[in-house]
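Residues per chain, in single letters:
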Protein chains: 2
Amino acid sequence: MSRVYNFSAGPSMLPEEVLKKAQEEMVEYPGAGMSVMEMSHRSKVYDDIIKETERLVRELMNVPDNYKVMFVQGGGSTQFAMVPMNLGTKCKAADYLITGQWAKKAAQEAEKYVKVNRIASSADKTFSYIPKPEASEFSPADEVDYCYICYNNTIYGTRYTELPKTDAVLVADISSNAMSEVIDVSKFGILFAGAQKNLGPAGVVLVIAREDLIGEPQEGTPTMLTYKTHADNDSLYNTPPTYAIYIFKLVLEWI
Amino acid sequence: MSRVYNFSAGPSMLPEEVLKKAQEEMVEYPGAGMSVMEMSHRSKVYDDIIKETERLVRELMNVPDNYKVMFVQGGGSTQFAMVPMNLGTKCKAADYLITGQWAKKAAQEAEKYVKVNRIASSADKTFSYIPKPEASEFSPADEVDYCYICYNNTIYGTRYTELPKTDAVLVADISSNAMSEVIDVSKFGILFAGAQKNLGPAGVVLVIAREDLIGEPQEGTPTMLTYKTHADNDSLYNTPPTYAIYIFKLVLEWI
């Protein structure tokens with residue numbers, strides 16, 4: 001059977017070279033005598049894998065030194081809660097731009113934790129455009145903890161060509177454009193991407209967070225939903241999705 | 001190089017037959033023309049995989065019909081929060097038996113959400129035994145939402161040979177004894193197991209929950225940490241860890 005190419009917005013095709021390499025190393029990772037799936041996440045071999053994955057992310061996305069790179073679980077949907085739980089600690093309010101179902105869901109989830117200001121929405125024209133509010137329409141930077149966008153909206157074929165005119169910390173879901181275009185990380189407080197769209201297999205989320213934003217979260221935030229937990233433990237607080245991260249590394253090497 | 005067998009309590013060895021099957025199907029899952037990693041979680045092929053995984057769990061563990069079987073992310077450590085957030089809604093209190101580091105961590109996390117009664121602990125003798133409190137030492141069933149145990153404690157070599165004499169709903173972490181001994185599911189309200197110890201690769205947690213316990217969680221519980229979210233959507237609310245579940249299925253077929 002010839003290969004089928006899945007262009008879906010969810011899990012989609014991976015480079016054949018990556019799959020072949022994974023196939024080759026499935027039963028025995030070179031030098032380890034076992035599969036990556038079988039090795040301890042505390043082992044030297046695995047530590048090399050996860051460190052190299054981080055190094056490649058930093059290199060490919062030109063991540064500044066004052067940002068942490070984390071690998072977490074739970075998909076983008078878990079980030080919808082983690083962002084307000086971790087960042088919504090001072091003003092307990094945030095601006096959201098509604099450009100599609102994902103941004104809408106993120107705003108709905110955030111309402112459990114912060115006051116959500118929906119600054120603009122393109123729902124009126126079935127999300128067929130990116131609204132461009134004036135600087136004056138955003139909340140003053142000292143009245144919100146962050147401003148949230150979904151950078152690329154696959155379903156509607158829209159993307160930001162210029163960033164919103166907000167002075168607040170910018171948070172972006174880059175699940176569908178991570179590493180497919182140049183993103184200036186320094187312009188953001190938090191960037192996150194579910195790997196399955198652009199970067200690798202489902203089951204791992206890439207989070208890039210500016211260090212000064214990684215602090216004590218809201219009261220009642222689960223330990224596993226606290227950025228600090230993952231940042232302080234180099235994504236090894238508990239067992240990470242070891243194999244998904246390994247495949248992610250193979251994709252990054254291929255890029 | 002000959003195969004190395006990792007007997008760790010974390011990720012550990014998988015059957016070689018499982019790895020070889022995964023290797024064979026890595027680039028092209030039979031009939032699909034693509035890897036399992038590449039296929040949509042909403043596709044017919046993947047739906048068959050996840051449904052068969054559930055069927056095998058039900059068959060192998062003899063799961064009664066009034067229990068839901070779910071596949072979630074975040075490891076056992078996320079369950080430490082999900083259990084009190086979802087079950088701690090009436091009395092907002094729970095009994096915990098402290099038989100090792102994992103039970104201890106579970107109790108600590110639960111304190112964010114419920115009043116935790118530490119009924120007994122074997123910390124006095126470095127967790128070298130399982131305490132056996134009398135029935136009268138547990139909280140009355142109408143004063144706690146559940147009683148929590150870690151069924152098997154790998155690090156200390158201890159396990160329950162009889163269940164605690166509580167009348168409350170029993171919750172057990174079975175990460176290290178799931179499917180390696182017969183467990184009467186009907187005696188429990190919730191059972192959960194991080195797959196990486198006994199069942200498959202890291203990145204997926206098996207949760208078996210009695211249906212009447214799956215309701216509205218505490219206020220502020222993230223959607224993704226709500227059992228109802230996963231139960232109502234057959235573990236497909238968002239993209240699940242598709243490949244980890246597929247390997248889990250191969251392990252169950254091997255058993």
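Everything numeric in this text was worked out from a predicted model, so none of it was measured.

(A) Main features of unusual backbone geometry. Residue and element names in this part refer to chain A. We note that S235 has phi near 60 degrees; this positive angle belongs to a residue other than glycine. Along the chain, S235 turns up in the loop between helix 6 (227–232) and helix 7 (242–254). Residue classification places S235 among the buried positions, given a relative accessible area of 5%.

(B) Representation of the environment of A:P164 in the model. Residue and element names in this part refer to chain A. Checked against the element boundaries, P164 lands in the loop between strand 6 (158–159) and strand 7 (170–173). Look at P164 and you get buried, because its relative accessible area is 13%. The spatial distance from the C-alpha of P164 to the C-alpha of G74 is 27 Å, given a sequence separation of 90 residues. Setting aside residues up to four positions removed in sequence, P164 forms contacts with L97, F138, I149 and L170.

(C) The arrangement of the interface of chain A and chain B in detail. Taken together, the 57 residues of chain A in the interface contact 58 residues of chain B. Interface area, chain A with chain B, both sides summed: about 4500 Å², of which 58% is carbon and sulfur. The largest share of the area that chain A buries against chain B comes from A:V27, A:M37 and A:E38, three residues that together contribute 15% of it. Scanning the region where chain A abuts chain B turns up two salt bridges.

(D) Structural view of the pairing of strand 4 (residues 146–150) of chain B. Residue and element names in this part refer to chain B. Along strand 4, five of the five residues are buried, which leaves the element largely enclosed by surrounding structure. In strand 4, alternate side chains face the same way, and those of Y146, Y148 and C150 on one face and C147 and I149 on the other are all buried. Sheet topology note: the strand 2 (residues 93–98)/strand 4 ladder contains three bridges and is parallel. If you follow Y96 over to strand 4, its bridge partner there is Y148. Relative to strand 7 (residues 170–173), strand 4 runs parallel, the two being bridged by four bridges. Residue pairing for strand 7: C150 is matched across the bridge by D173.

About the criteria used
Residues numbered from 1 in each chain as written. Chains lettered and ligands numbered in written order. Predicted model: local features only at pLDDT ≥ 70, side-chain atom pairs only at ≥ 80, totals over all residues. Heavy atoms only, no water. Helix = DSSP H or I, 4+ residues; strand = E, 2+ residues; numbered from the N terminus. Buried < 20%, exposed > 50% of the residue type's maximum accessible area, 1.4 Å probe, protein only. Contact = heavy atoms within 4.5 Å. Buried area = accessible area lost by both parts, 1.4 Å probe. Salt bridge = Lys/Arg side-chain N within 4 Å of Asp/Glu carboxyl O. Pairing = 2+ DSSP bridges.

Spatial relationships are all this shows, so hold off on functional conclusions.
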